[in-house]
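Structural description and commentary
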Number of protein chains: 2
Amino acid sequence: MNSHNMPTDSIAEPAEASDGLDHSMIEDAVGYRLRRAQLSVFQAFNEAFSSKGLRPTDFAVLLLLTRNQGAKQSEVAEALGIQRANFVAIVDGLEAKGFVERRKSELDRRVQSLHITDAGLTYLNELMPIWQEHEERLLARLGGRQARDQLITLLDRLYD
Amino acid sequence: MNSHNMPTDSIAEPAEASDGLDHSMIEDAVGYRLRRAQLSVFQAFNEAFSSKGLRPTDFAVLLLLTRNQGAKQSEVAEALGIQRANFVAIVDGLEAKGFVERRKSELDRRVQSLHITDAGLTYLNELMPIWQEHEERLLARLGGRQARDQLITLLDRLYD
DNA sequence: TATTGTTATACTCTATAACTATA
DNA sequence: TATAGTTATAGAGTATAACAATA
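From a predicted model like this one, the values you see are computed outputs, not experimental measurements. (Residues numbered from 1 in each chain as written. Chains lettered and ligands numbered in written order. Predicted model: local features only at pLDDT ≥ 70, side-chain atom pairs only at ≥ 80, totals over all residues.)

As for the relation of the copies chain B and chain A
Our working definition: Copies overlap after least-squares fitting; the atoms used are the C-alpha atoms of residues with pLDDT of at least 70 in both. By definition, residue pairs are in contact when their C-beta atoms, positioned from the backbone, come within 7 Å.
When chain B is fitted onto chain A, the two copies agree to an RMSD of 0.1 Å after a turn of 180° and an axial shift of 0.0 Å. Both copies of the chain, as the preceding transformation shows, are related through a two-fold rotation axis. Minimal C-alpha separation from the rotation axis in chain B is found for Leu151 of chain B, amounting to 3.2 Å. When you check the interface residues of chain B against chain A, 93% turn up at the interface there too, and the contact is symmetric in its surfaces.

What to know about the interface of chain B and chain A
Many descriptions give the size of an interface as the accessible area lost when the pieces come together. For the record, the criterion: Secondary structure elements are defined from DSSP: runs of H or I of at least 4 residues count as helices, runs of E of at least 2 residues count as strands, and each element is numbered from the N terminus. Three classes are used: nonpolar for Ala, Val, Leu, Ile, Met, Phe, Trp, Tyr, Cys and Pro, charged for Asp, Glu, Lys and Arg, and polar for all others, with Gly counted as polar.
Every contact between the two is made by 56 residues of chain B and, on the other side, 56 residues of chain A. For the side of chain B that touches chain A, the elements supplying multiple residues, two or more each, are α1 (30-48), α2 (56-66), α3 (73-79), α5 (118-142) and α6 (145-158) of chain B. Broken down by element, the residue count for the side of chain B that touches chain A peaks at 14 residues, all from α1 of chain B. For the side of chain B that touches chain A, the class distribution of residues is 27 nonpolar, 13 polar and 16 charged.

What to know about the protein's contact with DNA strand D
In plain terms, the rule: Nearness rests on one distance test: the residue's C-beta atom, set from the backbone, must lie within 6 Å of the molecule or strand.
Around DNA strand D, a shell composed of 20 residues is seen, among which Gln73, Ser74 and Ala85 of chain A together with Ala85 and Arg109 of chain B lie nearest. Contributing elements (two or more residues each) for the surface near DNA strand D: α3 (73-79) and α4 (84-96) of chain A together with α4 (84-96) of chain B. For the surface near DNA strand D, the element with the most residues is α4 of chain A, which contributes four residues. The residue inventory of the surface near DNA strand D, partitioned by class, reads six nonpolar, six polar and eight charged.

Some details on α4 of chain A
Heads up, the rule is: An expected span of 1.5 Å times one less than the residue number is assigned to each helix.
Taking 1.5 Å per residue as the helical rise, α4 of chain A with its 13 residues ought to reach 18 Å, and the 18 Å between its terminal C-alpha atoms agrees with that figure. At the C-terminal side of α4 of chain A, Gly98 of chain A shows a positive phi close to 80°.

Digging into the packing of helix α6 (residues 145-158) of chain A against α5 of chain B
What counts here: Lines fitted to C-alpha atoms define the axes here, with helix axes fitted over just the stretch in contact, and angles between the N-to-C directions of these axes take values from 0 to 180 degrees. By the definition adopted for this analysis, an angle is roughly parallel if under 35 degrees, roughly antiparallel if over 145, roughly perpendicular if from 65 to 115, and oblique otherwise. Left-handed describes a crossing whose near helix is turned anticlockwise from the far helix by less than a right angle; the clockwise case is right-handed.
Contact pair α6 of chain A / α5 of chain B: the axes reach a minimum separation of 8 Å and the direction vectors enclose 130°. Overall, the two elements α6 of chain A and α5 of chain B adopt an arrangement that is oblique. At the point where α6 of chain A passes α5 of chain B, the crossing takes the right-handed sense. Residue-level inspection shows Leu154, Arg157 and Leu158 of chain A of α6 of chain A in contact with α5 of chain B, the latter providing Leu138, Arg141 and Leu142 of chain B. Partitioned by chemical class, the residues of the contact of α6 of chain A with α5 of chain B number four nonpolar, no polar and two charged.

Considerations on the sheet that holds strand β2 (residues 100-104) of chain B
Residues and elements named next belong to chain B. To keep things clear, this is the line we draw: At least two bridges found by DSSP between two strands is the condition for calling them paired.
Spatially, three strands are ordered β1-β3-β2 in an open sheet, and the strand pairing comes out antiparallel. Here the strands that pair on one side only, and so sit at the sheet edges, are β1 (71-72) and β2. In the sheet, β1 pairs with strand β3 (residues 112-116) via two bridges, with the strands oriented antiparallel. Opposite Ala71, over in β3, you have Leu114 as the bridge partner. Sheet contacts for α2: β1, β2 and β3; angle to β3, the most-contacted strand, approximately 95°.

Written out as structure tokens, the structure reads:
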């Protein structure tokens, strides 16, 4: 039951929502829909990982490092769209938990090479089933793998 | 030139990005893609509206009120997913600019009825072309109206 | 008692400037 | 001079508790 499969250019459908307000204009905004969906997915992520006390960003760092051992700290920050100044505290937290290690590069002693530790890998292995279940739930909501691939294609077109 | 030795435990597509890091795992995360796209779209919105000094939320409030004159303050807040405590300052700002008016309901003197003013409507009319150009640019990036409708359908499936 | 708007407060996220140590 | 990491700080956005007025 989808009341939105028609282009809504000038003809506004009676978009009465459960709150009794007419959302018809604001729902034409792609950014608004994006934000709502993103908040919903992040909330689901946080609920799934609540027992683990892990933020999406922490998980992303660990995940990135598995295939990029020794990457520069600023490189990882930029890959995740985080400013290097703000990334310091994130690495501090992961290092305090023993999941990540900073090593001074011997080639350029200004840079910190980031390494996921054995403890970090063990931890990540515990996390993977939770993450996969989370992604499976999203997949089910979206209506299958084809729908998910379609969504990713469209999202990538919006990302510079 | 990538000197990182990465374990290839499963079949990984060669997802070398411009930063030289392997993003193949993290990019499997729907939430991560959603966040990137949302930030990109909000940044584009802010650039388009920068001369007007308007935040996405302010715009959303004005837009909602055009079709919901006299709506309860807490009703509008909830429709936008904003807690009523945090919504106070937003209405304060719009009221200070003369775009919105609070009127005590005579039926229930606890509630504030929100009304967009004539000045608010005039202002919104100036904004509409900017918004429409913004949406047109998104439409072009997505590849047409059908792609946009498809995106919205998929985003709505992720939203409770 | 319960609800609406409000205030106060704290915590996260993000943005910017400036410092340090290296190059 | 320039760069990587760091510190400090300020601004948003968000979450929670408590209060006054009203129901």
